[in-house]
Amino acid sequence: MAEIVLEGVDKIYTGGVKAVDGLNLEIADGEFMVLVGPSGCGKSTALRMIAGLEEISGGTLSIGGRVVNDLPPKSRDIAMVFQNYALYPHMTVEQNLAFGLKLRKTPKPEIERRVKEAAAMLGLEPYLKRKPAALSGGQRQRVAMGRAIVREPQAFLMDEPLSNLDAKLRVQMRASLNQLHDRLGVTTIYVTHDQIEAMTLGDRVAVLKDGQLQQVDTPKNLFDHP
Ligand code: ADP
Ligand code: ADP
């Protein structure tokens, strides 16, 4: 687990768009922080910079007390979950869960232990031998989360992970996410444009507008003093 600190972080894309503008944000060890705001406000860009998928144009980013501005994604020990799942279609659920660990040469008994644990936590045991095509959207999203969990990273980053699910499943998955976070206590940054999702999931919510931080507070305080 790790705290994540952004100090005056900027992102200027080629062509001059300032997508993130002087962002200051401290996410405590074990905290569930939601980044919320309208489309185009810079949420994904901020998350992608933390993941190391996008270069930082200015400012300082540290994870677990270490400045990571120039570290590649693989060296940051964080796992990202996307809205489009990115599962391997030709592999079973079990193989999808195990694949990242195999690449990292994790010993087989350790892989088995982690896959079993993640499957239990996410209710995926009945589906371990199925391929993604034979799963519902919610089940696929659980597999995607399982792949992040088995890595036992210092932090989770999630970019609109529920946006492809229908309303009923989104409500279920929110409850699962809350449970999962209570259980694992891993520092989490979650991007959404959905205010209800932000309020139900976040320990704190950071509201972005035009690449800048407008407010950051607990859901209760934001609700009482919008
Ligand atoms: P959000 O996730 O809040 O919808 P983004 O971070 O995707 O916002 O985008 C923030 C701004 O940066 C927008 O104006 C968007 O058009 C611009 N942008 C995003 N990605 C790129 C890119 N690869 N190149 C140039 N501009 C980009
Ligand atoms: P990690 O443990 O790093 O998350 P993954 O198993 O997610 O490893 O992915 C390993 C590599 O394969 C990454 O470069 C990723 O972008 C790529 N990848 C992930 N899913 C797919 C997919 N469905 N099809 C093709 N490539 C993928």
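Structure shown above.
Residues numbered from 1 in each chain as written. Chains lettered and ligands numbered in written order. Predicted model: local features only at pLDDT ≥ 70, side-chain atom pairs only at ≥ 80, totals over all residues. Heavy atoms only, no water.

Draft legend 1. Main features of the nonpolar core. Counting 40 residues, the largest nonpolar core has Val-34, Met-145 and Tyr-190 as the members making the most contacts within it. Those elements that place two or more of their residues in this core are strand E3 (32-36), strand E6 (78-81), helix H2 (93-103), helix H3 (108-122), helix H4 (137-149), strand E7 (155-159), helix H5 (167-184) and helix H6 (195-201). Each residue touching Met-145, except ones within four places of it in the same chain, is listed here: Val-81, Leu-122, Met-158, Pro-161, Leu-162, Met-173 and Leu-177. Leu-25, Ile-56, Ile-63 and Ala-206 belong to the second-largest nonpolar core, a separate cluster that totals 28 residues. (Core = buried A, V, L, I, M, F, W, Y, C linked by side-chain atoms within 4.5 Å. Buried < 20%, exposed > 50% of the residue type's maximum accessible area, 1.4 Å probe, protein only. Helix = DSSP H or I, 4+ residues; strand = E, 2+ residues; numbered from the N terminus. Contact = heavy atoms within 4.5 Å.)

Draft legend 2. Quick look at the side chain of Asp-10. In this structure, Asp-10 sits in strand E1 (residues 4-12). Look at Asp-10: it is buried, it has no salt bridge, and the nearest opposite charge is Lys-18 at 4.1 Å. Each residue touching Asp-10, except ones within four places of it in the same chain, is listed here: Lys-18, Val-20, Asp-21, Gly-22, Met-49, Ile-56, Ser-57 and Gly-58. (Lys, Arg positive; Asp, Glu negative; His and termini not counted. Salt bridge = Lys/Arg side-chain N within 4 Å of Asp/Glu carboxyl O.)

Draft legend 3. Representation of the site of ligand 1 in the model. Surveying the vicinity of ligand 1 reveals the residues Tyr-13, Val-17, Ala-19, Pro-38, Ser-39, Gly-40, Cys-41, Gly-42, Lys-43, Ser-44 and Thr-45. Coverage of ligand 1 by the protein chains reaches 58% of its 570 Å² of free accessible surface. It is helix H1 (residues 43-51) that contributes the most residues to the shell around ligand 1, 3 residues altogether. Here the residues of the shell around ligand 1 are counted per class, giving 5 nonpolar, 5 polar and 1 charged. (Near = heavy atom within 4 Å. Areas by Shrake-Rupley, 256 points an atom, 1.4 Å probe, with all protein chains shown as cover. Nonpolar A, V, L, I, M, F, W, Y, C, P; charged D, E, K, R; others polar.)

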